[in-house]
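Fold and geometry: a report
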Amino acid sequence: MEETSREAVATAVQRVAGMLQRSDQLDKVEQYRRREARKKASVEARLKLWKTWSSIDGIIMYNTANTFAFYAAIQSQLDGVRTGLTQLHTALLDVKDIQSSLANVSKDWRQSINTIESLKDVKDAVVQHSQLAAAVENLKNIFSVPEIVLETKQLIEQGELLQAHRKLMELECSRDDLMYEQYRMDSKNTSDMNLISIYFEEVQGLSDELAKQLWMVLQRSMVTVRRDPTMLVSVVRIIEREEKLDRRMVDRKKQTGFIPPGRPKRWKDKMFEVLEGTVSTRIEGTQSVTREADKMWLVRLLEITRKYVLDDLIIVKNLMVQCFPPHYNTFNRFFSLYHNAVSARVKELTLEDLEANEIVSLLTWVLNTYKSVEMMGHPDLSSEFDINQLEPLLPQEVVDDLLSKYVKTFTSNITGWLRKALETDKKDWLKETEPEADQDGYYQTTLPAIVFQMFEQNLQVAAQIDGDFKEQVLKLCLKQMNSFLMRYREEVVAYKEEHLKDRQLPQCYIQYMIAIINNCQTFKESINSLKRKYSQSSEPFDSDIAIERTLGEVVKEGCQFLLDEVFLDLENHLNELLTRKWLAGSHSVDTICVTVEDYFNDFNKVKKPFNQDMTNEALRRVVVEYLKAVIQKRITFKNADERKEGAERMIKEAEQFKFLFKKLAAGENTDRLCGSITAIAEVFKLTDPTLLFLEVTTLVSKYPDIREDHIQALLAVRGDASREMRQMIIGTLSENKVSYSGSTQPIFKDITVPTITMTTMTTMTSMATAKLLK
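Predicted model, so just to flag it, every value in this text is computed and none were measured.

1. Some thoughts on the packing of helix α25 (residues 610-631) against helix α27 (residues 670-685)
Axis angle and axis distance: for two packed helices, these are the angle between their axes and the distance between the axes, and together they describe the pair. Across the interface, α25 lies against α27 with an axial gap of 9 Å and an inter-helix angle of 15°. Judged by the inter-axis angle, α25 sits roughly parallel to α27. The crossing of α25 and α27 is left-handed. Residues Leu 619, Arg 620, Val 623, Tyr 626, Leu 627 and Val 630 of α25 touch α27, and the partners they reach there are Thr 670, Leu 673, Cys 674, Ser 676, Ile 677, Ile 680 and Phe 684.

2. Section: the packing of aromatic side chains
If you walk through the whole model with that rule in mind, you get 23 aromatic pairs. A centroid spacing of 5.0 Å and a plane angle of 45° characterise the contact between Trp 429 and Tyr 495, whose relative ring orientation is tilted. Remark: Tyr 495 occurs in helix α20 (residues 467-501) and Trp 429 occurs in helix α18 (residues 396-429); sequence separation between them is 66 residues. Like Trp 429, the residue Tyr 495 is buried in the burial classification.

3. Here we look at the packing of α20 against helix α21 (residues 509-534)
Two elements in contact, α20 and α21, have axes separated by 12 Å at closest approach and are oriented at 170°. Between α20 and α21, the interaxial angle falls into the category roughly antiparallel. The segment α20 lies against α21, with Lys 470, Glu 471, Leu 474, Leu 478, Met 481, Phe 484, Leu 485, Tyr 488, Val 492, Tyr 495, Lys 496 and His 499 engaging Tyr 509, Tyr 512, Met 513, Ile 516, Asn 519, Cys 520, Phe 523, Ile 527, Leu 530, Lys 531 and Tyr 534. Tallied by class, the residues present in the contact of α20 with α21 amount to 17 nonpolar, 2 polar and 4 charged.

4. Remarks on helix α7 (residues 145-158)
The terminal C-alpha atoms of α7, which comprises 14 residues, lie 20 Å apart, in line with the 20 Å expected from a rise of 1.5 Å per residue. By the burial criterion, the buried members of α7 are Val 145, Ile 148, Val 149, Thr 152, Leu 155 and Ile 156. Seen end-on, α7 carries its buried residues on one side only, within an arc spanning 125°. The exposed residues of α7 that point more than 90 degrees off its buried face are Glu 147, Glu 157 and Gln 158.

Reading the values: rules and limits
Residues numbered from 1 in each chain as written. Predicted model: local features only at pLDDT ≥ 70, side-chain atom pairs only at ≥ 80, totals over all residues. Heavy atoms only, no water. Axes fitted to C-alpha atoms, helices over the stretch in contact; angles between N-to-C directions. Helix = DSSP H or I, 4+ residues; strand = E, 2+ residues; numbered from the N terminus. Parallel < 35°, antiparallel > 145°, perpendicular 65-115°, else oblique. Left-handed = near helix turned anticlockwise from the far one by under 90°. Contact = heavy atoms within 4.5 Å. Phe/Tyr/Trp six-rings, centres within 6.5 Å; stacked < 30°, edge-to-face > 60°. Buried < 20%, exposed > 50% of the residue type's maximum accessible area, 1.4 Å probe, protein only. Nonpolar A, V, L, I, M, F, W, Y, C, P; charged D, E, K, R; others polar. Expected span 1.5 Å × (residues − 1). Arc of directions from axis to C-beta.

Here you go:
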């Protein structure tokens, strides 16, 4: 039993502790007590009823004979019910008594209204007494107002701002209390209000003067916080005091309708306005020079701005935050102020007539430098503010406009630069000195270096702005390069045409034409280098095919122009081939070989593979010119001795060509080309005409592009083939014509056989008649 009691007590203690956890719950102790009493009575009644019925069940089950005890239990329950009804009746009587008392109170209150109205004079006397008491209480301050005003002025001048503000608060408190009492007594009495205002009129001036001092300190806050942080703390304390007074006065106005003059001062809002203006002035004052004084004015301006912003924000974080209350969120507020000021300044700069390089400098700074570790993303700042929450300094449409303006300006500029570079290179073509050579000894001019230096510089700048913009500039450069190469080709052709008017000028025509060819190789390599370096895409550019084609045409034409120069010198010697003079012992082939070798000593300055191509083309042209001399029937052998002599000479000269071009590193086609001369010589050398068909067949099998008119010309040069034999050979070859597969380069395809017109025949007849008559 004792253990059960202890448990009950412990449970009760816990319940009481749960009810009284807060101090305000102590006022409800009586309520808790009544509630617990009701619960206890309810539980006791239930227990009593349970015990009764338990007794009844026991009696019925175990002692049904004991009827008297049963009736006794019933009587006990009835007594309990009777007691409850009695209590309810008593409570009803109490409620009626209370209702009657409330009616009497209401009646007495209605009867006392007139009595209360008759006490108005007493009420006014109380109010007047209160005002007089306030006046007496402030009497000392009222008489000392001039003295306090003077002291406050001196404190403000001395920079004792906290003490000055304390004096000002005393003055304002005296004024406000008097005005409030006057307002309570007679709110419509403006004359007394004006009298008080006039007496305290200097107080408002002191407030304004103190405010000026506060704003001056805030305007120099970056300097003040390093030299005298207590001054800044004092300013913030004063402003916080005024904020509390503002709130108090506003609350009193809601209750009474009265608010002192000059309230609310809203010095806190003004403080933030001053700080914002200070930051804006700080940013706007970074421009020290103009474009006229310094072409790098914008770079200097942006660098100064970067340094000022970073230094100031570090000061804010390390020093100024400690001078302001935590709820000001000082660092984030200053961070936003500087961001907004810089954004406004940058927007102003975009409205100026910026040059291309200035646009790039500005965009690079805005898009990259601003959020980098060099500025707003500095490690000392990033721990306090998430840089990703910053709005862009410039709207995207402004950035797009600047990029568009830059592209337009860049296109115009680069067109002018390329034109100027080409004009400079053209002047070099006319020099009497050879062009420079690279480290491998190949001739070159400075044009590729100049062009791609311009491209490289602009691409480096574009890469600083944005990857997509870099790709855009690269495409623009390649597009301009294609246009430039087309002009370059036109100028090369014009250079050749001008040279042909006087082959002695320019003196270094060959050398500069070689340099032009080499420049094309440099252009191609430089373009590929730019694409590898500045393009992330593996897809070809739209201008690639056009550039490749134009470069190939310039190279092809340049090599052609050089070979034309060679064959212009060889023209007379080539015309001597297969003539009577040649048969008599002309040294034309020796001269041809010496001339070609001499030219190709210069052509060694042509870069690979162009020099190899030139050598192969020179060999082909020499052989073709030689074959043309045969096909043109410049000579007709009179007898076997002439045929033998001519054939042996042709074989010898074919070997000379073979030796020369192998020396010049011609390709694998050398033997086949030179072999065509030897094969024709074998046709001429044959002494037995009956075997002529076999020899011609062998020739056709080796060189299937040879035509029937070529065979007829060869037989005509041989001079001993009858008409019937020629017809038989041609007819047989036609029946057994060898098809040309095209797998090897044709030799005879472009060689035409001269036809004898009626005019030519008449002329030749006249010449022969004249010769016979003579």
